[in-house]
Amino acid sequence: MTAFLIHNMAPIMFASLVVVLLLGYPAAFSLAAVGLIYALLGIELGLFHPDFLQALPERIYGVMNNDVLLAIPFFTFMGLILERSGMAEDLLDTIGQLFGTVRGGLAYAVVFVGALLAATTGVVAASVISMGLISLPIMLRYGYDRRVATGVIAASGTLAQIIPPSLVLIVMADQLGRSVGDMYEGAFIPGIALAGLYAFYVFLVTILFPKATPGLPVEAVGFREPNGDRGLTSLAILTAASAVFAWYMMRNSQTHGADFVVLSMFIGIVFAFTVAVVNWAIAHMTGIRVLSFMAQQVTFAMVPPLFLIFLVLGTIFIGLATPTEGGAMGASGALLLALFKRRLTWTMVKQATEATAKLSSFVMFILLGARTFSLTFYGVDGHHWVENLLISLPGGQTGFLVFVNIFVFFLAFFLDFFEIAFIVIPLLAGPAEKLGIDLIWFGVILGVNMQTSFLHPPFGFALFYLRSVAPKESYIDRVTGKRTAGVTTGQIYWGAIPFVVIQCIMVALVIFFPAMVMHYKGLGTGIDPNKVKIEIELPDISIPDIGPPPAIEPPKIQ
Amino acid sequence: MTALLKLSRVIDACNIWIGRIVAWAILAAVIVSTVNAIVRKLFDMSSNSWLELQWSLYAAVFLLCASWTLIANEHIRIDIVNNMLPKRVRDSIDLFGHIFFLLPFATVLVITGWPFFFASYRIGEQSQNAGGLTVWPAKLLVPVCFTLLLVQAFSEIIKRIGVMRNLIPDPHAERQHAAEAEAQEIIKAMEETDTEHGAKP
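These remarks concern the structure in this document. This is a predicted model, so every value here is computed, not measured. (Residues numbered from 1 in each chain as written. Chains lettered and ligands numbered in written order. Predicted model: local features only at pLDDT ≥ 70, side-chain atom pairs only at ≥ 80, totals over all residues. Heavy atoms only, no water.)

1. Quick look at the overall build of chain B
Step number 1: Looking only at helices and strands, chain B features seven helices and zero strands.
Step number 2: Written out in order from the N terminus, the α and β elements of chain B read α-α-α-α-α-α-α.
Step number 3: For chain B, the C-alpha radius of gyration of 21 Å lies well beyond 17 Å, the compact-globule estimate for 201 residues.
Step number 4: Contacts spanning at least 24 positions in sequence make up 75% of the contacts within chain B whose residues lie at least 6 apart.
Step number 5: Just so you have it, chain B exposes about 9,400 Å², and 68% of that area is on carbon and sulfur atoms.
Step number 6: Side chains of chain B carry 17 positive and 18 negative charges; the gap between the two charge centres is 8 Å. (Helix = DSSP H or I, 4+ residues; strand = E, 2+ residues; numbered from the N terminus. Rg over C-alpha atoms; globule rule 2.2 N^0.38 Å. Contact = heavy atoms within 4.5 Å. Areas by Shrake-Rupley, 256 points an atom, 1.4 Å probe, with all protein chains shown as cover. Lys, Arg positive; Asp, Glu negative; His and termini not counted. Charge placed at Lys NZ, Arg CZ, Asp CG, Glu CD.)

2. A few points about the interface of chain B and chain A
Step number 1: Facing 82 residues of chain B, the contacting portion of chain A comprises 86 residues.
Step number 2: Interface area for chain B against chain A, summed over the two sides, is near 7,800 Å², with a carbon-plus-sulfur share of 72%.
Step number 3: The tally of links from chain B across to chain A stands at three salt bridges.
Step number 4: On the surface where chain B and chain A come into contact, there are eleven residue pairs in polar contact (both at pLDDT 80 or more).
Step number 5: Where the side of chain B that touches chain A is concerned, the elements lending two or more residues are α2 (25–43), α3 (48–64), α4 (66–71), α5 (87–122), α6 (136–164) and α7 (178–199) of chain B.
Step number 6: When residues of the side of chain B that touches chain A are assigned to their parent elements, the largest contribution, 15 residues, is made by α7 of chain B.
Step number 7: A class-by-class count of the residues in the side of chain B that touches chain A yields 49 nonpolar, 19 polar and 14 charged. (Buried area = accessible area lost by both parts, 1.4 Å probe. Salt bridge = Lys/Arg side-chain N within 4 Å of Asp/Glu carboxyl O. Polar contact = N/O pair within 3.5 Å; in protein donor to acceptor, adjacent residues only side chain to side chain. Nonpolar A, V, L, I, M, F, W, Y, C, P; charged D, E, K, R; others polar.)

3. Brief notes about empty space enclosed by the protein
Residue and element names in this part refer to chain A.
Step number 1: A full pass over the atoms with the stated rule returns five cavities of 30 Å³ or more.
Step number 2: If you add up the space inside the second largest cavity, you get close to 90 Å³.
Step number 3: Lining of the second largest cavity is provided by G79, L82, E83, M87, A88, L117, T120, T121, V123, A126, S127 and S130.
Step number 4: Elements with a contribution of two residues or more to the lining of the second largest cavity: α5 (71–83), α6 (87–99), α7 (105–120) and α8 (124–141). (1 Å grid on protein atoms, 1.4 Å probe; cavity = no way out; pocket = protein on both sides within 12 Å on 5 of 7 lines; lining within 4 Å. Points joined across faces, edges and corners; volume = space filled by probe spheres on them.)

4. Concerning the packing of aromatic side chains
The geometry of two aromatic rings is summed up by the distance between their centres and the angle between their planes.
Step number 1: Counted under the stated rule, the structure contains 39 aromatic pairs over all chains.
Step number 2: Centre to centre, the rings of F461 of chain A and Y465 of chain A are 6.2 Å apart; their planes meet at 85°, and the pair counts as edge-to-face. One end of the pair, F461 of chain A, and the other, Y465 of chain A, are both in helix α21 (residues 461–469), four residues apart, so they sit about a helical turn from each other. The pair formed by F461 of chain A and Y465 of chain A is uniform in burial state, with each residue classed as buried.
Step number 3: Of the aromatic side chains, those joined through ring pairs into one cluster are Y25, F29 and F365 of chain A together with F96, F100, F101, F105 and F146 of chain B.
Step number 4: Above the ring of Y248 of chain A, the side-chain terminus of R251 of chain A is found at 4.1 Å from the ring centroid.
Step number 5: Cation over ring: K139 of chain B sits above Y61 of chain A, and NZ or CZ is 5.1 Å from the ring centre. (Phe/Tyr/Trp six-rings, centres within 6.5 Å; stacked < 30°, edge-to-face > 60°. Buried < 20%, exposed > 50% of the residue type's maximum accessible area, 1.4 Å probe, protein only. Lys NZ or Arg CZ within 6 Å of the ring centre and 35° of its normal.)

5. Observations concerning unusual backbone geometry
Residues and elements named next belong to chain A.
Step number 1: For the peptide bond that leads from P164 to P165, omega is 0°, which places it in the cis range.
Step number 2: Following the sequence through the fold, P165 ends up in the loop between α9 (146–158) and α10 (167–176).
Step number 3: In this structure, R342 is a non-glycine residue whose phi angle is positive, near 55°.
Step number 4: Structurally, R342 can be placed in the loop between α15 (323–340) and α16 (346–379).

6. Side note on the pattern of salt bridges
Residues and elements named next belong to chain A.
Step number 1: A full pass over the atoms with the stated rule returns 18 salt bridges over all chains.
Step number 2: Here D477 and R141 are joined by a salt bridge, their closest N and O atoms 2.9 Å apart. Placement of D477 in the loop between β1 (475–476) and β2 (483–484) and of R141 in helix α8 is noted, with a sequence separation of 336 residues between them.
Step number 3: Assessed through its relative accessible area of 3%, D477 is described here as buried.

7. A short note on the packing of α15 of chain A against α2 of chain B
Step number 1: At a closest axis distance of 8 Å, the pairing of α15 of chain A and α2 of chain B adopts a crossing angle of 110°. In terms of orientation, α15 of chain A and α2 of chain B fall into the roughly perpendicular class. As for how α15 of chain A packs across α2 of chain B, the hand of that crossing is left-handed. Residues T324, E325, A328, M329, A331, S332 and L335 of chain A of α15 of chain A form the contact with α2 of chain B, whose participating residues are L27, V30, S33, T34, N36, A37, I38 and R40 of chain B. (Axes fitted to C-alpha atoms, helices over the stretch in contact; angles between N-to-C directions. Parallel < 35°, antiparallel > 145°, perpendicular 65-115°, else oblique. Left-handed = near helix turned anticlockwise from the far one by under 90°.)

8. Description of α15 of chain A
All names here are of chain A.
Step number 1: With 18 residues, α15 should reach 26 Å at 1.5 Å per residue; the first-to-last C-alpha distance of 25 Å fits that figure.
Step number 2: With respect to burial, α15 is a largely interior element, 15 of its 18 residues being buried.
Step number 3: Downstream of α15 by one or two residues, R342 has phi in the positive range, about 55°. (Expected span 1.5 Å × (residues − 1).)

9. What about the environment of V312 of chain A?
Residues and elements named next belong to chain A.
Step number 1: Mapped onto the elements, V312 comes out in helix α14 (residues 293–318).
Step number 2: V312 sits in the buried class, given a relative accessible area of 0%.
Step number 3: Separated by 191 residues in the primary sequence, V312 and T121 have C-alpha atoms spaced 8.7 Å apart.
Step number 4: If near-sequence neighbours (up to four positions away) are discounted, V312 is found in contact with F75, M78, P165, G326 and G330.

10. Thoughts on the side chain of N449 of chain A
Residue and element names in this part refer to chain A.
Step number 1: Structurally, N449 can be placed in helix α20 (residues 439–451).
Step number 2: According to the relative accessible area criterion, N449 is buried, its value standing at 3%.
Step number 3: Polar contacts involving the side chain of N449 include one to the side chain of N405, which spans 2.8 Å.
Step number 4: Discounting residues that sit within four places of it in the chain, N449 has contacts with N405, V408, F409 and V507.

11. What to know about the environment of F209 of chain A
All names here are of chain A.
Step number 1: Considering the arrangement of structural elements, one finds F209 in the loop between α11 (180–208) and α12 (232–250).
Step number 2: With relative accessibility at 52%, the residue F209 sits in the exposed group.
Step number 3: Along the primary structure F209 and D145 are separated by 64 residues, whereas in three dimensions their C-alpha atoms are 9.5 Å apart.

12. Brief notes about the packing of α5 of chain A against α16 of chain A
Residue and element names in this part refer to chain A.
Step number 1: Where α5 meets α16, the closest approach of the two axes is 9 Å, and the angle between their N-to-C directions is 145°. Note on packing geometry: the crossing formed by α5 with α16 is right-handed. On the side of α5, the interface is formed by I72, P73, T76, F77, L80 and I81, while α16 contributes M348, V349, A352, T353, A355, T356, L359, S360 and V363.
Step number 2: For the contact of α5 with α16, the per-class residue count stands at eleven nonpolar, four polar and no charged.

13. Re the environment of G326 of chain A
Residue and element names in this part refer to chain A.
Step number 1: In this structure, G326 sits in helix α15.
Step number 2: With 61 residues separating them along the chain, G326 and M265 place their C-alpha atoms 18 Å apart.
Step number 3: If near-sequence neighbours (up to four positions away) are discounted, G326 is found in contact with F75, V312, I316 and A321.

14. Observations concerning the nonpolar core
Step number 1: Within the largest apolar cluster, 257 residues are counted, with the highest numbers of intra-cluster contacts made by M64, F365 and F442 of chain A together with F146 of chain B.
Step number 2: In terms of residues, this core owes the most to one element, α16 of chain A, which gives 17 residues.
Step number 3: Apart from the residues lying within four places of it in its own chain, the contact partners of F146 of chain B are I60 and F365 of chain A together with F105, A106, L109 and V110 of chain B. (Core = buried A, V, L, I, M, F, W, Y, C linked by side-chain atoms within 4.5 Å.)

Here you go:
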């Protein structure tokens, strides 16, 4: 019996973990408890030294001084402040108007704004709730199919998971031991491509079921010129002029890929903004306008998000800031934006601070629990057991990727992202690397895959967020005065399913076209962590060696 | 039992109070990090003590707010099976978890954490990074966090027994999905912000 236990400690331990987690006690403490129980058992069986658990405080300290994870509260805080700054409202109103009578226009606007919000911050709840509150009632008013409307909103909100700067990518980079900057660079194109696929789905629906996604009626389209013109020509000219200006400024630049996109966008928006402000000032003084209302409105709505994107992503991509610093600057930028819009209040800052504190606590405690578990699990060579199991899968790289993705897709039904990231990902990193899989590519594939954990009926988080803001009962529409039926939970579930399928298609695309991700290589991305620390030769101070062999620790990144 | 329930209320109040105050360190970390990033770029100067201060502030937040998060029932659970069980069983699982999962975890870290801190304190350990901070205040966070959590574990046990004996109403009676609770909190906060905003000229 004892011999059996000693030899099969790793599988037994893993099985216990599954059972204990399913009990439904907070995951952080369940993980820690399983680690501790088996540590005590191991000491009893003579597998570990009696001092084994002395390593625990040092492990916790190791989690504490992790600069990368410091980005979690920064981006969360930024998202919570932004959500109340009214930025999403302005965007959705304006972009919805821009698409006007185009069939499916509101749905395109949701996808576009979802991608834009996602590139600004990384909080799914914020995006889904804003879009559910603003766009859903309008979509229902003009007779959108409820499944299409809810599906587009929930899915576009989850873009925040995969388009940088997302919390998922930060945690993924940390757990895989890679740089966050590279992870951002690698996820950029798949993220945009995914938004493109969503838009393509909307396009298909408009072709196949024209009634499901009507355009706005003519009288609902606003921002008209006095002569009734929509002023789109003016907007097109302004856009073209900004693009030419940006191209002209960037023509000799050495940047590529995402860096180029972000920098050009920044230059373009500065140009457009300057023109819009000058136009506004002149119109104010003389009454003569060069730009149409529409052009001015679109410019003013687009400036805050694009500026924030530059402040956060731009500085990270060009190597001006570390992701953590980018997060802090974004949080400060969001505070300034809210102040500028005269929406900053004491209550709002207090709520954002407290919500961020509790979120940080639960996320970091899952990590602490996972580290306690892994102290024992790696101690009994559990990682080798998993590695051998996975490497022996038939089909080499592809076999491994297919299996792992199906496994994670299945896990995503039950577990939320942080649990998968802290428990499962570290176990997959070793085998993936052994099989010669690039870990950034691997991380992006899993990132797209885990987005489904937000969309899976019936437990997907995005569906819950949307349920909370979608009308349950029928109500009288504020504009048309007609009685409008509520949205059923079933409609939300059915709406999400096409997007789960799109998600799977995207996973396959990233697997078969690695170039979408691999361009991150060879770009001078991110920042050299060594430059951040001020290095001075110090006499070698020996630190007490702690716990299991150092190979277990994921490589420390600053 | 009444005395115990009173004790539990005092513990809860203390831990919520601590959490609410420590939470502000998030804002401090944002400011420190922003200023540090700007100063580093513009004047090409920085110091490891600022970098270390950032993560110390964050560590203080997630460690010292853990008990408050527990009181608010915001430590995430895998509730797929749990939600299908009758209330009585769920209560028992919670009680079991408090006693056999949380309590031992906190105890082990209290036992190992205090010597961990004292070892650093006694030698006045300095950060290995040039110009870094003194290490022991950060290390002190570990035992303090788990001592608070240990005390909170007792409070949770008392409350759960109280609930099971119908002495007090269940503080987590509305067991919703975590996402639902989160969404409602956000919506409530939005409404509050809006009213406040509307009240101003």
